[in-house]
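A structural walkthrough
Given next are the chains, with one letter for each unit.
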Amino acid sequence: MTPNSNSVSRPLAGRIAVVAGATRGAVRGIAWMLGEAGAIVYCTGRSTRDLLATPGRPETIDETAEMVTAVGGQGIAVRVDHTVPEEVQALFERVIAERGHLDILVNDIWGGDALTEWGKPIWELDPSKGFRMLELAVHTHILTSRFALPHMIAANSGLVIEVTDGDHMDYRGNFYYDLAKTSVIRLAYSMWAELRDRAVVALAVTPGFLRSEAVLERLGVSEDNWRDGIASDPNFAASETPAYIGRAVAALAADANVGRKAKGVYASWTLAKEYGFVDLDGRQPDWGAHFAGLVASIIERGGPSSDYERALVWSRWEQLQMALDKHVDIRMLEAALNGVKRS
């Protein structure tokens, strides 16, 4: 399923974006939908048709750039290793030389899937894998912002978007994965603190249950028959395409008052309601509501019956503990967890 490029407006026509890590997944969807909105998008990453950088994954930045152009934008593929300062600096020097300014930076360099050791506590993890994950998923974001921001500050305009997993600060199931994903939320906050007297905005966004290339492959389905995957994982019914978070980013970039969202972290499903966009199939998936309902069903039948369900309840408990709005009664969650609380 593809967007109808003939029926959409171009609110970002003439805007210049760098989408870092645009090879696949959410960030490919972001580049794609910035193109749908008319932007000129520099799609960066390490995997090109001439040189694939991730074993087992065929996606390339060349394909992403072509997708951007196909929906009405202009996609430009630039091979960049975002762990190398000289390459990152050269990227932005090229953008400024060719376009004169930079309007949007999206940071979603990742590369941590093969490094995440699920099911192990910190004392059993391989530190070398964890530190490499932080280098790929956090250090790269810092480097990229470091070399992009001077150009935005000089122009007194710009939007920096960090892409994470989850619009909350509760534990994400693995020490290093949790550290990486919460760190980029903090990067947006810290940049806001240093940019708040300037007209450059920094914030973070998250998709929900993403129908990425890898997830579709794991469930043995394609985007055309994705619903067949619900038989393997009922939660897949609430999943979304990468275009959904892409349209969220495009809506933020087109919002003249986006500054009011500076320093926050926003989910695709909440932004969809605010801005009125839909996923490619016309739906508005709401992972937040789905997750809350999933935990509620566990409570209604007497509490968690497995470690997996206990982790879900803990996660919901932590979300509500950290929420600014305390109107939700969390005592039922505590009771379901047999009164055991984390210190």
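These remarks concern the structure in this document.

To continue, consider unusual backbone geometry. In the Ramachandran plot, N156 falls in the positive-phi region, its phi being about 55° despite a non-glycine side chain. With respect to the helices, strands and loops of the structure, N156 is situated in the loop between helix 4 (127-155) and strand 5 (158-163).

Now for empty space enclosed by the protein. Counted under the stated rule, the structure contains 1 cavity of 30 Å³ or more. Of the pockets and cavities examined, the largest cavity occupies roughly 30 Å³. As for the largest cavity, its lining consists of D108, I109, W110, A137, H141, V163, A180, K181 and V184. Those elements that place two or more of their residues in the lining of the largest cavity are helix 4 and helix 5 (175-195). Among the elements that line the lining of the largest cavity, the one with the most residues is helix 5, at 3 residues. Among the residues making up the lining of the largest cavity, the classes are represented as 6 nonpolar, 1 polar and 2 charged.

Of the strand pairs in this sheet, strand 2 (residues 40-45) and strand 3 (residues 74-79) are connected by 6 bridges, and their pairing is parallel. Paired with I40 across the two strands is Q74, which belongs to strand 3. With respect to chirality, the unit in which strand 2 leads through helix 2 (residues 61-70) into the neighbouring parallel strand 3 is right-handed.

Before going further, it helps to examine helix 4. Over its 29 residues, helix 4 runs 41 Å from end to end, which matches the ideal 42 Å to within 8%, given 1.5 Å per residue. The sharpest bend along helix 4 comes to roughly 35°, located at E135. Downstream of helix 4 by one or two residues, N156 has phi in the positive range, about 55°.

Going residue by residue along strand 4 (residues 104-107), you find I104 and V106 tucked away on one face and L105 and N107 tucked away on the opposite face as well. Summarising the sheet, strand 4 and strand 5 pair through 4 bridges and their orientation is parallel. By the bridge assignment, V106 is partnered in strand 5 with I161. In this fold, strand 4 hands off to helix 4, which returns the chain to strand 5; that crossover is right-handed.

Definitions and cut-offs
Residues numbered from 1 in each chain as written. Predicted model: local features only at pLDDT ≥ 70, side-chain atom pairs only at ≥ 80, totals over all residues. Heavy atoms only, no water. Helix = DSSP H or I, 4+ residues; strand = E, 2+ residues; numbered from the N terminus. 1 Å grid on protein atoms, 1.4 Å probe; cavity = no way out; pocket = protein on both sides within 12 Å on 5 of 7 lines; lining within 4 Å. Points joined across faces, edges and corners; volume = space filled by probe spheres on them. Nonpolar A, V, L, I, M, F, W, Y, C, P; charged D, E, K, R; others polar. Pairing = 2+ DSSP bridges. Right-handed = clockwise from strand over helix to strand, strands pointing away. Expected span 1.5 Å × (residues − 1). Bend = angle between axes of the 7 residues up to and from the residue. Buried < 20%, exposed > 50% of the residue type's maximum accessible area, 1.4 Å probe, protein only.

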